[in-house]
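An overview of the molecular structure
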Amino acid sequence: MSFDEAWQAVTDVEGWMTEGQGRALYQAGAACPAEGRIVEIGSFRGRSTIVLGLSAAPGVEIVAVDPHAGNDRGPREFDGFEQEASDDHARFTANLVTAGVSDRVTHVRQFSDRAHKMVGGEIDLLYIDGAHRYRSARADIRDWGARVRPGGRMLIHDSFSSIGVTLAILRELLLSKRFRYVARSRSLAIYEVSPDHSRGSNAARQLAQLPWFAKNVGLKVLLSLGLGKLLAKLGRPTPEWPY
Ligand SMILES: C[S@@+](CC[C@H](N)C(=O)[O-])C[C@H]1O[C@@H](n2cnc3c(N)ncnc32)[C@H](O)[C@@H]1O
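Definitions and cut-offs
- Numbers given to residues run from 1 along each chain, matching the order in which its sequence is written.
- Selection of residues for local features in this predicted model requires a pLDDT of at least 70, selection of side-chain atom pairs for listing and counting requires 80 or more, and totals for whole chains, interfaces and linings are taken over all residues.
- Hydrogens and waters are ignored; side-chain quantities use all the structure's heavy atoms.
- Being near a molecule or strand, for a residue, comes down to having at least one heavy atom within 4 Å of it.
- Here a polar contact is recorded for every N or O atom pair within 3.5 Å, except that within protein the pair must consist of a potential hydrogen donor and a potential acceptor, and residues adjacent in sequence are included only if both atoms are side-chain atoms.
- Accessible areas in this description were obtained via Shrake-Rupley with a 1.4 Å probe; residue shielding takes into account the shown protein chains only.
- Each residue receives one of three labels: charged for Asp, Glu, Lys and Arg, nonpolar for Ala, Val, Leu, Ile, Met, Phe, Trp, Tyr, Cys and Pro, and polar for the others, Gly being one of them.
- Helix and strand assignments come from DSSP, with helices taken as H or I runs of at least 4 residues and strands as E runs of at least 2, each series counted from the N terminus.
- Strand pairing is assigned whenever DSSP identifies at least 2 bridges connecting the two strands.
- What counts as an axis is a line fitted to C-alpha atoms, over the stretch in contact for a helix, and the angles between N-to-C directions run from 0 to 180 degrees.
- Residue ranges labeled as domains rest on an automatic or database domain assignment.
- Contacts are assigned to residue pairs with any non-hydrogen atoms lying within 4.5 Å of each other.
- In short, buried area is how much 1.4 Å probe accessible area vanishes from two parts on joining, totalled over both.
- For this document, the term salt bridge refers to a Lys or Arg side-chain nitrogen within 4 Å of an Asp or Glu carboxyl oxygen.

1. Describing the site of the ligand
Taken together, 20 residues are adjacent to the ligand, and Gly42, Ser48, Asp66, Ser112 and Asp129 come closest. One nitrogen or oxygen atom from the main chain of glycine 42 is found 2.9 Å from a nitrogen atom belonging to the ligand. When isolated, the ligand has an accessible area of 610 Å², and the protein chains bury 96% of it. In terms of residue class, the shell around the ligand is built from 7 nonpolar, 7 polar and 6 charged.

2. Looking at the environment of serine 136
Its location among the elements puts serine 136 in helix α5 (residues 134–144). For the pair formed by serine 136 and alanine 168, sequence separation is 32 residues and the distance between their alpha carbons is 8.7 Å.

3. Let's talk about the sheet that holds strand β6 (residues 179–185)
The pairing of strands in a sheet happens through backbone hydrogen bonds and is either parallel or antiparallel. Read across the open sheet, the 7 strands follow the order β3-β2-β1-β4-β5-β7-β6; overall the sheet is mixed. Because the sheet does not close on itself, it has two edges, and the strands there are β3 (105–108) and β6. On average, adjacent strands in this sheet sit at an angle of 20 degrees to one another, irrespective of strand direction. As paired strands, strand β5 (residues 148–156) and strand β7 (residues 188–193) are joined by 4 bridges and run antiparallel to one another. When the sheet's bridge partners are listed, methionine 154 is paired in β7 with tyrosine 191.

4. Observations concerning the domain arrangement of the protein
One frequently used descriptor of interface size is the decrease in accessible area upon assembly of the parts. According to the domain assignment, the protein consists of domain 1 (3–208) and domain 2 (209–243). Each of domain 1 and domain 2 has a C-alpha centre, and these two points are 25 Å apart. Each partner contributes to the interface: domain 1 provides 22 residues, whereas domain 2 provides 12 residues. Across the interface of domain 1 and domain 2, roughly 1500 Å² is buried in total on both sides, 60% from carbon and sulfur atoms. Put simply, domain 1 and domain 2 have 0 salt bridges between them. On the surface where domain 1 and domain 2 come into contact, there are 8 residue pairs in polar contact (both at pLDDT 80 or more). Mapped onto the side of domain 1 that touches domain 2, the elements with two or more residues apiece are α6 (163–172), β6 and α7 (199–207).

So this is what it looks like as C-alpha cells:
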C-alpha cells in the first residue's frame, strides 16, 4: 500500500501526527527488514499504529504499548480519567479493525516501563510517543532505546517541542555514543543506532534545533495565557499548538 492510501486510512482517526510525520513514520516502517520488529510506545486511538501496520512487510512483528489508562493522552492532559481510558481503548481497537491491521498488531495494554518482558528481543524500529514528562520520556529513550539493534531507528514525537521530551533527549542523546540524530519532521525526530559517528557534530546538529524549541515553548506559553482568544477577538487566525 502506498503512503497516500495509508494516510487516507487515518484521516478520521484522532491524533496529533501531521502528514509529514506520517510520511516519515511510513518510510521507517517500510524500511524495516522482513521478520523485523517494530515497537510503538503510546498509540492513543491508533493513528500512528495504523500507519505502521500499513507500511511494514507482512513478516514484521508490530507491538503497540499503551496502557489506555487515561493519563498523558495529549497536550496538557496529564491526569487519568476512567471514561477517556475506556473510550480510547474501544476506539483504538475499532480503528485497527476498520483499517484492516488488527491481526498485524499486538497490543500490550501496559505502562511502557512495565512492558519490557512482554516484548521479546531486539527492535528494528522504535516509535516513542507515550508519556511526555521528563522521567517517563527519559526512561523510554534510555531503556527501550537500548533495545534498538545497530542500524535500527528510533523516532520520537514531540521532540524539541515538549519540555519533558526535549530535556530527556538532551540528557540521553545529545552526547550519545550510540544514537545519531538524522533529521526531523516538525517535532518528530529520527535517530539511528550508528556507533561510528562524530559525537561533536552530532551534538551540534541537535543543539541547532534549540531555537525552534524556544519558539515552541514561547508559543505554548502565549497560547496558555489566552493568545488564541485575543486573536479570535481581533478576527485573526489562532496558531495551533505546536507538535
Ligand atoms: C500523544 S498520545 C499518542 C498518539 C499516537 N501515537 C497517535 O499517533 O495518535 C500518548 C499516548 O501515550 C499513552 N501513554 C501514557 N503513559 C504511557 C506510558 N507510561 N507507557 C505507554 N504509553 C503511555 C497514552 O495512553 C496515550 O494514548
